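Each chain, letter by letter, is given below.
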Amino acid sequence: RELRPRAVVLERAFAPWTAAMRPASLARVVSAGQLRAMCARTASTGGQPPSPDHLRKLRNMYAKAPVSGLFNEHQLTYSDSGDTSIEFTCRTEHCHTAGTLHGSGYFKLLDDAAFFAAQARVEDGFAYTTSFTTYMMRPVDPDTQVLARGRVTSVSKTLVVAESTLEEIESGKLVAQGSGTFQRGNVPLAALKEYKEG
């Protein structure tokens, strides 16, 4: 039988969204080769650094996201270039039945660090995570402090690629790492209350 070409069906991933939230350019199939080509169009991450005002508003947007309160108080910080850092302390309520950090905690910290690094490069509209790969190397016990760091590796006209790491603060051991692609959306940041009030 004929084998289907390997592709990322983005339209299906965004089906639950309303038409107002869904980026119009996602209603198509993108092959892995096309995705690499899109990113390669502007492989450089150079250009003007994000404005301090934009970074301040993003920090406020992060702090006020409802999902962040499900974990614990953790603060997003930015370098001047837009790289991110997030400190987090694992508690028993974040753990699975074996007593260490649940996979959702790894994903949230890695995705948040990479996403907000990517969003620092996009000042006009909200960016959406279109794919994210997570690698978990070691368990995180309760009361362990970890640090997530994110940075942009590639910027194109429509996509930003960013990577992130998660480390134990005390030992410096790498706990997990991830990378993702972030699509420029059509929802203006200025329309988001949490961004405007930053």
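Structure's up top.
Anyway, here's the lowdown on the structure attached to this text. (Residues numbered from 1 in each chain as written. Predicted model: local features only at pLDDT ≥ 70, side-chain atom pairs only at ≥ 80, totals over all residues. Heavy atoms only, no water.)

## Re the nonpolar core
Nonpolar side chains tend toward joint burial in soluble globular proteins.
Reasoning step 1: By size, the foremost hydrophobic cluster in this structure holds 37 residues, and its most contacted members are Phe116, Leu166 and Phe182.
Reasoning step 2: Elements that contribute at least two residues to this core include exactly α3 (52–64), β3 (76–78), β4 (84–89), α4 (103–120), β5 (125–136), β6 (145–155), β7 (159–168) and β8 (174–188).
Reasoning step 3: Residue contributions to this core peak at 10 residues, all from α4.
Reasoning step 4: Excluding anything up to four places from it in sequence, Phe116 contacts Leu58, Met61, Tyr62, Leu76, Tyr78 and Thr84. (Core = buried A, V, L, I, M, F, W, Y, C linked by side-chain atoms within 4.5 Å. Buried < 20%, exposed > 50% of the residue type's maximum accessible area, 1.4 Å probe, protein only. Helix = DSSP H or I, 4+ residues; strand = E, 2+ residues; numbered from the N terminus. Contact = heavy atoms within 4.5 Å.)

## Topic: the sheet that holds β7
Reasoning step 1: Read across the sheet, six strands follow the order β3-β4-β6-β7-β8-β5 without closing on themselves; strand pairing throughout is antiparallel. Of all strands in the sheet, those with a lone pairing partner are β3 and β5, marking the two edges. Taken pair by pair, the neighbouring strands of this sheet meet at an average axis angle of 25°, ignoring direction.
Reasoning step 2: Taken together, the 10 bridges between β5 and β8 define a ladder with antiparallel strand orientation. Residue pairing in the sheet places Met136 in a bridge with Ala176 of β8.
Reasoning step 3: Running at roughly 165° to β3, α3 makes contact with β3, β4 and β5 of the sheet.
Reasoning step 4: Contacts between α4 and the sheet are confined to β3, β4, β5, β6, β7 and β8, with β5 contributing the most and set at about 140° to the helix. (Pairing = 2+ DSSP bridges. Axes fitted to C-alpha atoms, helices over the stretch in contact; angles between N-to-C directions.)

## What about the pattern of salt bridges?
Side chains that carry opposite charge are capable of pairing whenever their charged atoms lie near each other.
Reasoning step 1: This structure, assessed with the given rule, holds six salt bridges.
Reasoning step 2: Across the pair Asp53 and Lys57 runs a salt bridge, and its minimum N-O distance is 3.5 Å. Taken together, the positions of Asp53 and Lys57, both in helix α3 and four residues apart, correspond to about one turn of that helix.
Reasoning step 3: Classification of Asp53 by relative accessible area gives partly exposed; the value is 35%.
Reasoning step 4: With a shortest N-O distance of 2.7 Å, Glu163 and Arg151 are connected by a salt bridge. Separated by 12 residues along the polypeptide, Glu163 in strand β7 and Arg151 in strand β6 bring together distant segments of the chain.
Reasoning step 5: Several salt bridges converge on common partners, so that one network encompasses Asp53, Arg56 and Lys57. (Salt bridge = Lys/Arg side-chain N within 4 Å of Asp/Glu carboxyl O.)

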